[in-house]
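# Residue-level structural notes
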Amino acid sequence: PHEFVSRQNNPLTDFYDPKMSAISLVTDLVKHRGKDVVPKLLSFLTNILTSYTPNSGKDIEKEGALFVLGNMNEFLLSKKKYASELEGMMVSSVFTDFQSHVPFLRYRACWMVQRFNTIPWSNPANLQTLIQMVLQRLSDPALPVQIEASKALRFFD
């Protein structure tokens, strides 16, 4: 866990990590070819998230879909068409990951809170639930999850 935390918080990792190169490609495509790429990409990612069930063996696919969505945060939050759907996505696809038996999904759930911290919550109960779940992850057995949860707390007003 200590090596994972070091790698995740090292800014030099972005230069040689193939995952970050792929994300750079996706964000550039969204930025420059948004009308062509975004609807198909969101459909693909939504399909992954909606078809996921715990113990299905598709934990890595879900984590990858959340990672791509989280890196599209600026674009998604800037478009009313997509921003209005983000609360539902968080409730249906991210809230469940706070209780996941898979540590990297709990980690990714805390990371998503940071990426989508400016969502206009229409239901205050959802925001309250989110805060409680992040607080619970502070005592998670996995150190990376604890660190990500503590980083997520700074985004709550």
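All of the points below concern the structure found in this document. What you are looking at is a predicted structure, and each value in this text was computed from that prediction instead of being measured. (Residues numbered from 1 in each chain as written. Predicted model: local features only at pLDDT ≥ 70, side-chain atom pairs only at ≥ 80, totals over all residues. Heavy atoms only, no water.)

### Some details on the pattern of salt bridges
- The tally for this structure, following the rule as stated, stands at 7 salt bridges.
- Here R108 makes a salt bridge to E63, at a shortest N to O gap of 2.4 Å. With a gap of 45 residues between them, R108 in helix α8 (residues 103-115) and E63 in helix α4 (residues 59-71) connect regions that are remote in the sequence. E63 carries the same exposure label as R108, and that label is buried.
- One network of salt bridges, in which partners are shared, links K19, E63 and R108. (Salt bridge = Lys/Arg side-chain N within 4 Å of Asp/Glu carboxyl O. Helix = DSSP H or I, 4+ residues; strand = E, 2+ residues; numbered from the N terminus. Buried < 20%, exposed > 50% of the residue type's maximum accessible area, 1.4 Å probe, protein only.)

### Things to note about the packing of aromatic side chains
- For the structure shown, the criterion picks out 3 aromatic pairs.
- Above the plane of the ring of F67 lies K19, whose end atom (NZ or CZ) is 4.5 Å from the centre.
- Above the plane of the ring of W111 lies R108, whose end atom (NZ or CZ) is 4.6 Å from the centre. (Phe/Tyr/Trp six-rings, centres within 6.5 Å; stacked < 30°, edge-to-face > 60°. Lys NZ or Arg CZ within 6 Å of the ring centre and 35° of its normal.)

### So, the side chain of N126
- Within the secondary structure, N126 sits in helix α9 (residues 124-137).
- Residue class for N126 comes out buried when judged on its relative accessible area of 18%.
- Ignoring any residue separated from it by four or fewer positions in sequence, one finds N126 in contact with E87, V91, F95 and W121. (Contact = heavy atoms within 4.5 Å.)

### Structural notes on α4
- An ideal rise of 1.5 Å per residue puts 18 Å on 13 residues; α4 measures up with 18 Å between its terminal C-alpha atoms.
- Burial analysis of α4 places 10 of its 13 residues in the buried class, which makes it a mostly covered element.
- Buried residues along α4 sit in contact with α3 (18-51), α5 (73-78), α7 (86-94) and α8. (Expected span 1.5 Å × (residues − 1).)

### Things to note about unusual backbone geometry
- For N55, which is not glycine, the phi torsion reads 65° and is therefore positive.
- Take N55: its relative accessible area is 65%, and that puts it in the exposed class.

This is a description of form; function is not addressed.
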